[in-house]
Amino acid sequence: MIVETGHFALVLALCVALVQSVVPIVGAARGRAGWMGIGRSAALVQFVLIALAMGALMHAYAVSDFSVINVVENSHSAKPLLYKLSGVWGNHEGSMLLWVFMLGLCGAAVALFGGNLPPALRARVLAVQGMIGVGFLLFILLTSNPFLRAVPAPADGQGLNPVLQDPGLAFHPPFLYLGYVGFSVAFSFAVAALIEGRVDAAWARWVRPWSLASWCALTIGVAMGSWWAYYTLGWGGWWFWDPVENASLMPWIVGTALIHSSIVVEKRDTLKSWTILLAIITFSLSLVGTFLVRSGVLTSVHAFATDPARGVFILLLLLVAIGGSLTLYAVRAPVLKGGGLFAPVSREGALVLNNLLLACGAATVFIGTLYPLFLDAVGGPKISVGFPFFNETFVPLMVPLLLVVGPGSMLAWKRGDLLGALQRLWAAFGLAILVMLAAFYASHGGPVLAVLGLGLAAWVFGGAAVELAERLRLFRVPPADSLRRAINLPRAAWGMSFAHMGLAITVAGIAAAAFQTENIQVLNPGEDMPLAGYTLHLASVERRPGPNYIYDDATVTVSRDGRPVAVMHPQRRFFPLQQQTTTETAIRTNLLADLYVAVGDPDPSGGWTIRAYYKPLVPWIWIGGVIMAFGGLVSLSDRRWRIGVATRARPAVPQPAPGE
Amino acid sequence: MRTLLFMLPLAAFLVLAGYFALALRPGHDPQVLPSALIDQPMPAFDLPALGAGAAVTSAASRGQVVVVNFFASWCVPCRIEHPVLMRLANQDKVAITGIAYKDAPDAAKKLLDDAGDPYARVGVDLSGRTGIDFGVYGVPETYVIDRTGRIRKKFVGPLSPEAVAGELLPLLRQLGRP
């Protein structure tokens, strides 16, 4: 009964979405307040209905209702409750439901928090959100219904892929989808602005918090995915340039460009049509990613079970959503008037360079990901694009970007003084040199590129620190004055500093990957192996029962110069239901380096393959990601988003001019 | 002119959509071997062996049922597939011919030394030429070749335990693997 209610709620949500996509937009065109107002209530009702459907499916999973095909195929009664619930989005149908749930959440948020939007703009934005909802609700109901019954119901389910039974993967998809789908709001704002033919600073001020929030969620989602791969797959890698990973990276890169270019629209009323295009492309890339993952046109480790019929449906959705918005763009964007002029060397100029490099980076990843598909379509030779392609194309594009982050954020609007900015960055330059010398010395003249990468990270970090110090006039005025300035500094400025510092920390973690040491040996219990000054001693391997698996529990004691450091327990889990083995690595971190131990296959003589890595700075990759997202959240708390645009004329706090 | 510029994104998207449509065209499944190659003779190859040993050639396996697996040390799905191959070799006693695709011999050797070697013989396809002849789309890929030297089946992506139990082993039995 609950299952049918969920199904019925989803059908109702479709009906409501239809109303939401037509009535408000017609009302906005005819100036009818009542019709426009329907958008808000429809968005809220649609969200409640989708939440009901989501709740019904989660309930079916929680109580292991094996009369539902989706539960049978992806769950099992012996699974821990957390993985029963996360199993809801561990499959195609359920994850699509999560997708529209997030979409409904975004629509409801616009309806609730969009109180200071002009009614016509809000009506159009909600109508576009409604149209996206119609497309995806139809997709679920026609091709991927999670509520179908199994007759007769089997006694138990087939279980969830063991690799997915992991806490990291329980929370990774919700963040990722919130990020993907959150950009639909920026998309809807862009389409609404094209319909209205008006983009101004106020528009940018409304769009920016939505893009920022989605960007934060996507940052966390991508970082979590990478962290999961790191500790689950047991090979110490954290990014594999797999098509599905790239599908999440591309919207992130373009979304990063979007949150930077919309600053220019807000502050300087220019770069409008470019920002609109970025808003469209960011969400389009989310949609294309959905298509690639679910249609089976590319081979990937992560791909869902695929079905060409679904592929055709999503392709039609892409044609309507992306094709429609880009057609609108082609017709209306030329009408948008450009705003203030600026010299090439200026804050605007630096942000344009940032956008250019990010766009090229995204294009590189895009081409690398789709190259096999392009060649296949023209019947060309079948090739695969791996690690080397991305390392040789994407990385060189990011180096100039990292070089200009610091100086760019020091430049004044309209016309900047590059030489002056560079002179003020002497401290950052000194820091970079020091870090490179220290890294070179500590690694005994180790890999030059990694040393340069660490220097680059120090340059970005130093740049962000100097910029912040200048704003606070640190060391130039009495500390109390600096503190007062720190309190009065807009949250957006703090957010930028945090995000850039987070970026620097991530870059340092990535660069330091080259310094890792590894040792892979077959050990019998009682034997030792060395690793980066530590001694790893395999004390024992015991077989124990888990909740729905049995595992070989290795006890590895780590010592340094005879003194014990840690006891680590890497595991090898065997899931009898799926006849599948997973590795559970043991990681000991002091936030400066990870000690990473995985246990592999046993050999006939009673030995076990032990893979151990010592990875300096690797935790920084994800710490940096979290700091970036935190910076985004701090910026999001800036009071100028909360106060209405009409009242922004007289800010309550005197704001220091940038670069003061 | 300026208007044309604004149409560029749309044009680019339409081209892209065309490629997507081609990839979805009926009867075309990128996951399976193009029908043109099924039941065709296996492409000839003569590859240096990984480490010491005689060259790995297509001629040497004439008259036998052969499982050819393309892999690389840089390929992550291969590592996921690796335990499946180990079981296939050790428990089901299937002799697998490995081809290290566009991989540095040292790196491939290290992988097999570290993680175990499921292959009866390994050839090094440094240039990727043999891979192109076979129509390798991405590693790993696995081919089953019958006694007459014809390709009978292609598995794209990592072999799953289900695919081994449900498709690969029955096919080998049907082909009369000794």
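Residues numbered from 1 in each chain as written. Chains lettered and ligands numbered in written order. Predicted model: local features only at pLDDT ≥ 70, side-chain atom pairs only at ≥ 80, totals over all residues.

Peer 1: Quick one: what's the story with the overall build of chain B, residue by residue and with numbers?
Peer 2: Regarding its fold elements, chain B presents five helices and seven strands. Starting at the N terminus and ending at the C terminus, chain B contains elements arranged as α-β-β-β-α-β-α-β-α-β-β-α. Taking the principal axes of its C-alpha atoms as reference, chain B extends roughly 70 × 35 × 30 Å. Residues counted as buried form 40% of the 178 residues belonging to chain B. Looking at chain B alone, contacts between residues at least 24 apart form 73% of all its contacts between residues at least 6 apart. (Helix = DSSP H or I, 4+ residues; strand = E, 2+ residues; numbered from the N terminus. Buried ≥ 20, exposed ≤ 12 C-beta atoms within 10 Å, placed from the backbone. Contact = placed C-beta atoms within 7 Å.)

Peer 1: Got a sec to walk through the confidence of the model for chain A? Specific residues and values, please.
Peer 2: In this model, chain A carries a mean pLDDT of 88, and residues with pLDDT of at least 70 account for 94%. Under a pLDDT of 50 for its full length, residues 645-660 of chain A has, in the predicted model, 15 contacts with residues more than four places off or in other chains. (pLDDT = per-residue confidence, 0-100.)

Peer 1: So what about the domain arrangement of chain A? Which residues, and what values?
Peer 2: How big an interface is tends to be stated in terms of the accessible area lost upon association of its parts. All names here are of chain A. Here chain A is partitioned into domain 1 (1-161), domain 2 (166-180 + 199-389), domain 3 (425-514 + 620-640) and domain 4 (517-617). On a C-alpha basis, the centroid separation for the pair domain 2 and domain 3 is 26 Å. Listed by partner, the interface residues are ten residues for domain 2 and ten residues for domain 3. Partitioning the side of domain 2 that touches domain 3 into residue classes produces nine nonpolar, one polar and no charged. (Domains from an automatic or database assignment. Nonpolar A, V, L, I, M, F, W, Y, C, P; charged D, E, K, R; others polar.)

Peer 1: Mind laying out the environment of Leu44(A), listing which residues take part and the relevant values?
Peer 2: All names here are of chain A. One can find leucine 44 in helix 2 (residues 33-62). In the structure, leucine 44 is positioned 64 residues away from alanine 108 in sequence and 4.9 Å away in space, judged by C-alpha atoms. Dropping the residues within four chain positions of it, leucine 44 is found in contact with Ala108 and Ala111.

Peer 1: Describe the sheet that holds strand 10 (residues 608-616) of chain A, with residues and values.
Peer 2: All names here are of chain A. The antiparallel open sheet is built from four strands, whose spatial order is 1-10-9-8. Where the open sheet ends on each side, the last strands, each with one partner, are strand 1 (517-523) and strand 8 (586-589). Adjacent strand axes in the sheet meet at a mean angle of 15° when their direction is disregarded. Where strand 8 lies against strand 9 (residues 593-602), four bridges are found, and the strand directions are antiparallel. Bridging across to strand 9, isoleucine 587 finds its partner in tyrosine 596. (Pairing = 2+ DSSP bridges. Axes fitted to C-alpha atoms, helices over the stretch in contact; angles between N-to-C directions.)

Peer 1: Break down the environment of Trp413(A) for me, with residues and values.
Peer 2: All names here are of chain A. Assignment of secondary structure puts tryptophan 413 in the loop between helix 13 (387-410) and helix 14 (418-424). A count of 17 C-beta atoms within 10 Å places tryptophan 413 in the partly exposed class. For the pair tryptophan 413 and valine 264, spaced 149 residues apart in sequence, the C-alpha separation works out to 9.3 Å. If we skip the residues at most four places from it in the chain, tryptophan 413 touches Lys267, Arg268, Ser346, Arg347 and Glu348.

Peer 1: Break down helix 2 (residues 76-90) of chain B for me, with residues and values.
Peer 2: Residues and elements named next belong to chain B. Its 15 residues give helix 2 an end-to-end C-alpha distance of 22 Å, which sits within 8% of 21 Å, the value for a rise of 1.5 Å per residue. Of all bends in helix 2, the biggest is about 40°, found at histidine 82, and the proline proline 83 comes one to four residues later. Within helix 2, the full set of buried residues consists of Val76, Pro77, Cys78, Arg79, Glu81, His82, Val84, Leu85 and Leu88. Tucked inside the fold, the buried residues of helix 2 contact strand 3 (66-71), strand 4 (96-101), helix 3 (105-115) and helix 5 (161-174). (Expected span 1.5 Å × (residues − 1). Bend = angle between axes of the 7 residues up to and from the residue.)

Peer 1: How would you summarise the sheet that holds strand 6 (residues 141-145) of chain B if you had to cite specific residues and measurements?
Peer 2: All names here are of chain B. Here we have five strands laid out as an open sheet, ordered 5-4-3-6-7, and mixed in their pairing. Edge positions in the open sheet fall to strand 5 (119-125) and strand 7 (151-156), since each of these has one partner strand only. Going from strand to strand, the sheet's axes swing by 20° on average, the running direction of each strand aside. Bridge analysis of strand 3 against strand 6 gives five bridges, and the strand direction is antiparallel. Paired with valine 68 across the two strands is tyrosine 143, which belongs to strand 6.

Peer 1: Lay out the pairing of strand 4 (residues 550-560) of chain A in plain terms, naming residues and giving numbers.
Peer 2: Residues and elements named next belong to chain A. Judged from the ten bridges that link them, strand 3 (residues 534-545) and strand 4 form a sheet pairing that is antiparallel. Paired with valine 541 across the bridge in strand 4 is alanine 554. Taken together, strand 3 and the strand that follows it, strand 4, pair antiparallel across an intervening segment of four residues. With four bridges connecting them, strand 4 and strand 6 (residues 571-575) associate as antiparallel partners. Counterpart to aspartate 553 in the pairing with strand 6 is glutamine 571.

Peer 1: Got a sec to walk through the environment of Asp133(B)? Specific residues and values, please.
Peer 2: Residues and elements named next belong to chain B. Mapped onto the fold, aspartate 133 is located in helix 4 (residues 129-134). C-beta crowding within 10 Å serves as the criterion here: with 16 such atoms nearby, aspartate 133 is assigned to the partly exposed category. Residues aspartate 133 and leucine 169, spaced 36 residues apart in sequence, show a C-alpha to C-alpha distance of 25 Å. Excluding residues within four positions of it along the chain, aspartate 133 makes contact with Pro43 and Phe45.

Peer 1: I'd like a description of the packing of helix 9 (residues 243-268) of chain A against helix 12 (residues 347-377) of chain A, backed by residues and values.
Peer 2: If you want to describe how two helices pack, look at the angle between their axes and the distance between the axes. All names here are of chain A. Where helix 9 meets helix 12, the axes come as close as 9 Å, and the angle between the chain directions of the two elements is 160°. As judged from the angle between their axes, helix 9 and helix 12 are roughly antiparallel. Handedness of the helix 9/helix 12 crossing: left-handed. Of the residues that constitute the contact of helix 9 with helix 12, the class distribution is 14 nonpolar, eight polar and two charged. (Parallel < 35°, antiparallel > 145°, perpendicular 65-115°, else oblique. Left-handed = near helix turned anticlockwise from the far one by under 90°.)

Peer 1: Account for the interface of chain B and chain A, with residues named and values stated.
Peer 2: Each side of the interface is counted separately: chain B has 37 residues, and chain A has 42 residues. Going through the elements one at a time, helix 1 (2-24), helix 2 and helix 3 of chain B are the ones with two or more residues in the side of chain B that touches chain A. No other element matches helix 1 of chain B, which puts 15 residues into the side of chain B that touches chain A.

Peer 1: Give a description of the pairing of strand 6 of chain B that names residues and reports values.
Peer 2: Residue and element names in this part refer to chain B. With five of five residues buried, strand 6 is to be regarded as a mostly interior element. Across five bridges, strand 6 lies against strand 7 in antiparallel orientation. Its bridge partner being in strand 7, threonine 142 is matched across the sheet by phenylalanine 155. From the end of strand 6 to the start of strand 7, which pair antiparallel, there are five residues, and glycine 149 there has a positive phi angle of about 85°.

Peer 1: Kindly report on unusual backbone geometry, identifying the contributing residues and their values.
Peer 2: All names here are of chain A. For the bond running from valine 151 to proline 152, omega is -10°, close enough to zero to count as cis. Checked against the element boundaries, proline 152 lands in the loop between helix 6 (119-143) and helix 7 (167-196). You will see that aspartate 561, though not glycine, has its phi angle at about 50°, which is positive. Assignment of secondary structure puts aspartate 561 in the loop between strand 4 and strand 5 (563-568). On the neighbour-count criterion, aspartate 561 (8 C-beta atoms within 10 Å) is exposed. Even without being glycine, leucine 591 reaches a positive phi, approximately 70°. In this structure, leucine 591 sits in the loop between strand 8 and strand 9.

Peer 1: Tell me about the packing of helix 2 of chain A against helix 6 of chain A, and name the residues and values.
Peer 2: Residue and element names in this part refer to chain A. The N-to-C vectors of helix 2 and helix 6 enclose an angle of 45°; their axes lie 9 Å apart at closest approach. Classified by the interaxial angle, the pair formed by helix 2 and helix 6 is oblique. For helix 2 against helix 6, the interelement crossing comes out left-handed. Mapping the contact onto sequence places Ala33, Met36, Gly39, Arg40, Ala42, Ala43 and Gln46 in helix 2 and Pro119, Ala120, Arg122, Ala123, Leu126, Ala127, Gln129, Gly130 and Gly133 in helix 6. Partitioning the contact of helix 2 with helix 6 into residue classes produces nine nonpolar, five polar and two charged.

Peer 1: Describe helix 6 of chain A, naming the residues involved and giving the relevant values.
Peer 2: The end-to-end C-alpha separation of helix 6 of chain A is 36 Å, in line with the 36 Å expected for 25 residues at 1.5 Å each. Buried residues dominate helix 6 of chain A, accounting for 19 of its 25 residues.

Peer 1: Please give an account of the confidence of the model for chain B that cites residues and values.
Peer 2: Confidence in the prediction of chain B, expressed as mean pLDDT, is 83, and 92% of residues score 70 or more. As a predicted assembly, this complex carries a pTM of 0.82 together with an ipTM value of 0.85.

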